[in-house]
Amino acid sequence: MKLPIIKHLTQFIEDNDEDFVIETIETLENLTEVPSLKDEELDVIGELISNLYGALEVHKMVQTGTPKKEALNTFMQRVLGSIDN
């Protein structure tokens, strides 16, 4: 996951609507079923999906009153904590 991408996508959700991101996730998840995709291509799609889900999580925290910067930091700390475990 990349914080600048999640930050950008969070701003996109604020400016537009989270439905765009949800539909994008659904589209990318559907693409993973293409049998001819190479591992590298699946990795890229997976990274995009994880960043999109991350932006949705940050957006939910912001909606519940967490300042955006704090929400981004909290989310990334949670991700890094799960990687370390």
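This text follows the structure it describes.
Residues numbered from 1 in each chain as written. Predicted model: local features only at pLDDT ≥ 70, side-chain atom pairs only at ≥ 80, totals over all residues. Heavy atoms only, no water.

Asker: Explanation requested: the overall build of the chain in the structure shown.
Answerer: Within the chain one finds four helices and zero strands. Along the chain direction, N to C, the helices and strands of the chain fall in the order α-α-α-α. On the principal axes, the C-alpha backbone points of the chain span a range of 45 × 35 × 15 Å. Residue burial in the chain is summarised as follows: out of 85 residues, 27% are buried. Of all intrachain contacts in the chain linking residues separated by at least 6 positions in sequence, the fraction that spans at least 24 positions is 65%. (Helix = DSSP H or I, 4+ residues; strand = E, 2+ residues; numbered from the N terminus. Buried < 20%, exposed > 50% of the residue type's maximum accessible area, 1.4 Å probe, protein only. Contact = heavy atoms within 4.5 Å.)

Asker: Help me understand the nonpolar core in this model?
Answerer: Side chains of nonpolar character tend, in soluble globular proteins, to be buried together. If you look at the biggest cluster of nonpolar residues, it comprises 18 residues, and the most contacted ones within it are Ile6, Val21, Ile25, Leu52, Val58 and Phe75. Elements with a minimum of two residues in this core: helix H1 (3-15), helix H2 (18-31), helix H3 (39-63) and helix H4 (68-84). Looking at which element gives the most residues to this core, the answer is H3, with seven residues. (Core = buried A, V, L, I, M, F, W, Y, C linked by side-chain atoms within 4.5 Å.)

Asker: What is the right way to read H3 from this model?
Answerer: The α-helix advances 3.6 residues per turn, and as a result positions three or four apart in sequence lie on the same side. Relative to the 36 Å expected for 25 residues at 1.5 Å per residue, H3 spans 36 Å between its end C-alpha atoms, a close match to the ideal helical length. What H3 keeps buried is the set Ile45, Ile49, Asn51, Leu52, Gly54, Ala55, Leu56, Val58, His59 and Met61. Note on H3: the residue one or two positions beyond its end, Gly65, has a positive phi of about 105°. (Expected span 1.5 Å × (residues − 1).)

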